[in-house]
Amino acid sequence: MNNHILNHLPYKSSFRFVDNISLLNENEVRGEYTLKEDAFFYEDHFAGNPVTPGVILTEIMAQIGLVVLGIFLVIKETEFNFMEDDSLFPLLTSTDVSFYKIVLPGQKVTVISKKQYFRFGKLKCYVEMLDSSKELVAKGMFSGVIKNINTKNE
Amino acid sequence: MTRKEILDELKKVIAPYTTNKEMLDSINDQTDLIKDLKINSANLVDIIIDAEAKYQIEIDYDSADKMINVGTCIDVISEKISQKNEEYR
């Protein structure tokens, strides 16, 4: 039902970290992602001992918690069309994340995000990541904007 | 509220978002929030929201657009405060 929003995400293949959106409204979003055992970062992080990098956990939290909700709000409130306009990109402007547990290849994580505000084009959310036993993996504040970047002219 | 009073309060609003604490003591109307105080442009939104709470005003999109340096911030805040006072009369 909510997964049509995934068609608007600008990420492809190895950098798309959203499988499913289980809850989505103006104030919150919840989504899931299962870490692929053959993801590109496990080979080197760490050699012989694969652990999901904190920066990837941060990216999963940002894609589900900020980008999915941000695109939903922008589509609702403006004329932006993500399918036709390929110069609109979601950009992260700040994060402040704390980590509590490691995540191994093949594990499923759930991200829950609650909107703090959406004003002047900036979305700020409080985001939590839980593992399959509902234990806290990470939490933090995320902010981002949607920018029109014309990469072809630069 | 005089411009001086607004400026003193504005310093407190800006403080959490700038890493250039030394410059904050000597800001004037020409001080640019992004260039001089090195404030992340997305944090201007936080400054506007904090200013709204502090002065109990509402800042619309067009006014927010003008808030580039300390002087224009004070202009907008003082304009909104007087608008609010008009309404209460």
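Conventions and cut-offs
- Residues numbered from 1 in each chain as written.
- Chains lettered and ligands numbered in written order.
- Predicted model: local features only at pLDDT ≥ 70, side-chain atom pairs only at ≥ 80, totals over all residues.
- Helix = DSSP H or I, 4+ residues; strand = E, 2+ residues; numbered from the N terminus.
- Core = buried A, V, L, I, M, F, W, Y, C linked by C-beta atoms within 7 Å.
- Buried ≥ 20, exposed ≤ 12 C-beta atoms within 10 Å, placed from the backbone.
- Contact = placed C-beta atoms within 7 Å.
- Nonpolar A, V, L, I, M, F, W, Y, C, P; charged D, E, K, R; others polar.

Considering unusual backbone geometry
Here is step 1 of the chain: Of note, the amide linkage connecting His45(A) to Phe46(A) takes the cis form, showing an omega dihedral of -5°.
Here is step 2 of the chain: Tracing the chain through its elements places Phe46(A) in the loop between strand 2 (28-34) and helix 1 (54-77).
Here is step 3 of the chain: Unlike most non-glycine residues, Lys134(A) shows phi in positive territory, near 65°.
Here is step 4 of the chain: Looking at where Lys134(A) falls in the secondary structure, it is placed in the loop between strand 5 (122-130) and strand 6 (136-148).
Here is step 5 of the chain: Although it is not a glycine, Gln56(B) adopts a positive phi angle of roughly 50°.
Here is step 6 of the chain: Structurally, Gln56(B) can be placed in the loop between helix 3 (43-55) and helix 4 (61-66).

Notes on the nonpolar core
Here is step 1 of the chain: Counting residues in hydrophobic clusters, the biggest one holds 29 residues, and the most contacted among them are Ile60(A), Met61(A), Val68(A), Val111(A) and Met129(A).
Here is step 2 of the chain: Mapped onto this core, the elements with two or more residues apiece are strand 1 (20-24), strand 2, helix 1, strand 4 (108-119), strand 5 and strand 6 of chain A.
Here is step 3 of the chain: Excluding its chain neighbours within four sequence positions, the residues that come into contact with Val111(A) are Arg30(A), Gly31(A), Ile60(A), Met61(A), Ile64(A), Gly65(A), Val127(A) and Met129(A).
Here is step 4 of the chain: Counting residues in hydrophobic clusters, the runner-up holds 20 residues, among them Ile27(B), Leu33(B), Leu37(B) and Val76(B).

Description of the interface of chain A and chain B
Here is step 1 of the chain: Each side of the interface is counted separately: chain A has eight residues, and chain B has six residues.
Here is step 2 of the chain: Mapped by element, the contributors of at least two residues to the side of chain A that touches chain B are strand 3 (88-99), strand 4 and strand 6 of chain A.
Here is step 3 of the chain: Tallied by class, the residues present in the side of chain A that touches chain B amount to three nonpolar, three polar and two charged.

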